[in-house]
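# Structure assessment
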Amino acid sequence: AAVAVRHADGSAATVLGPTGCFALAEESLYKACCVLRDRVVSHVVVLASEEMLALTVMTHRTVLRFVQQHLTRAAAAAAAPSVALFDRSIAELRIGTFVELVTVSYDEPVWRAIELMSQRGISAVPVVDEHGMVLDEYTRADACLLLSEDALANGGGGGGVGGD
């Protein structure tokens, strides 16, 4: 079933269709990770359940970064009792970007998506239509693929940016 959500500023509603993956911020991190795994997707939109407000986009990378940071702190405080990390909610753990979620449309140039990812330190930007419906995502991997294809098409050896 489709889920209607709205942006924090109250702007255009976003509708996640049957293929849209989401988790509620009040649910456990484990449950959100299961959505990532079971749906074989690269991101999950995290929604505030009462308002159906899109809070963040959670990726494998954000989960792993959080776990690494949390375990590093836990190791430093060896006397502290172990926390059931995956039983805590996404909202409680504050994983991902919870303010100023950015999007792009298919009409915008590719450099805009790359600029947003670079400025915000994020790995993906949702692509929305004129009604705010999430259609796709543009990722850092997409940008790298585009650059490598361009380099090969222009006679480059695929050696990456900067060359020899």
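See the structure above.
These figures come from a predicted structure and were not determined experimentally.

## Considerations on the overall build of the protein chain
Along the protein chain, the regular secondary structure elements total five helices and eight strands. Listing the helices and strands of the protein chain from first to last along the sequence gives β-β-β-α-β-β-α-α-β-α-β-β-α. Within the protein chain, the proportion of its 164 residues that are buried is 35%. Across the protein chain, the fraction of contacts at a sequence separation of at least 24, relative to all contacts at a separation of at least 6, is 43%. When the accessible area of the protein chain is evaluated, it comes to approximately 9900 Å², of which 58% is carbon and sulfur surface.

## Here we look at the environment of Asp142
Along the chain, Asp142 falls in helix α5 (residues 140–153). Within the structure, the side chain of Asp142 is placed 2.9 Å from the backbone nitrogen of Thr139, a separation counted as a polar contact.

## Let's talk about the pattern of salt bridges
Enumeration according to the criterion identifies three salt bridges in this entry. Here Lys31 makes a salt bridge to Glu27, at a shortest N to O gap of 3.3 Å. Lys31 gets classed as partly exposed once you look at its relative accessible area, which sits at 44%. Between Glu115 and Arg112 there is a salt bridge; the shortest N-O distance is 2.8 Å. One end of the pair is Glu115 and the other is Arg112, both in helix α4 (residues 110–120) and three residues apart, which spans about a single turn. Arg112 gets classed as partly exposed once you look at its relative accessible area, which sits at 27%.

## Remarks on a nonpolar patch on the surface
On the surface, a cluster of nonpolar side chains totalling about 290 Å² of accessible area is made up of Tyr106, Met133 and Leu135. Take Tyr106: it is sitting in the loop between β6 (104–105) and α4.

## Observations concerning the sheet that holds strand β7 (residues 124–128)
Across the sheet, three strands lie side by side as β6-β7-β8; this open sheet has mixed pairing. In this open sheet, the two edge strands, each paired with only one partner strand, are β6 and β8 (134–139). Relative to β8, β7 runs antiparallel, the two sharing five bridges. Bridge pairing in β8 links Pro126 to Glu137. In the packing of α4 onto the sheet, contacts are made with β6, β7 and β8, and the angle to β8 comes to roughly 70°.

## Considerations on the sheet that holds strand β5 (residues 53–59)
Spatial ordering of the open sheet is given by β3-β4-β5, a layout of three strands whose pairing is mixed. The open sheet has two free edges, formed respectively by β3 (22–24) and β5, since each of these has just one partner strand. Neighbouring strand axes in the sheet, compared pairwise and without regard to direction, differ in orientation by 30° on average. Across six bridges, strand β4 (residues 43–48) lies against β5 in antiparallel orientation. Pairing of Val46 across the sheet is with Thr56, part of β5. Against the sheet, helix α1 (residues 29–38) contacts β3, β4 and β5, and its axis sits at roughly 70° relative to β5.

The rules we used
- Residues numbered from 1 in each chain as written.
- Predicted model: local features only at pLDDT ≥ 70, side-chain atom pairs only at ≥ 80, totals over all residues.
- Heavy atoms only, no water.
- Helix = DSSP H or I, 4+ residues; strand = E, 2+ residues; numbered from the N terminus.
- Buried < 20%, exposed > 50% of the residue type's maximum accessible area, 1.4 Å probe, protein only.
- Contact = heavy atoms within 4.5 Å.
- Areas by Shrake-Rupley, 256 points an atom, 1.4 Å probe, with all protein chains shown as cover.
- Polar contact = N/O pair within 3.5 Å; in protein donor to acceptor, adjacent residues only side chain to side chain.
- Salt bridge = Lys/Arg side-chain N within 4 Å of Asp/Glu carboxyl O.
- Patch = residues over 30% accessible without salt bridge, like charges linked within 9 Å, V, L, I, M, F, W, Y side chains within 5 Å.
- Pairing = 2+ DSSP bridges.
- Axes fitted to C-alpha atoms, helices over the stretch in contact; angles between N-to-C directions.

Keep in mind that these numbers describe shape and distance, not what the molecule does.
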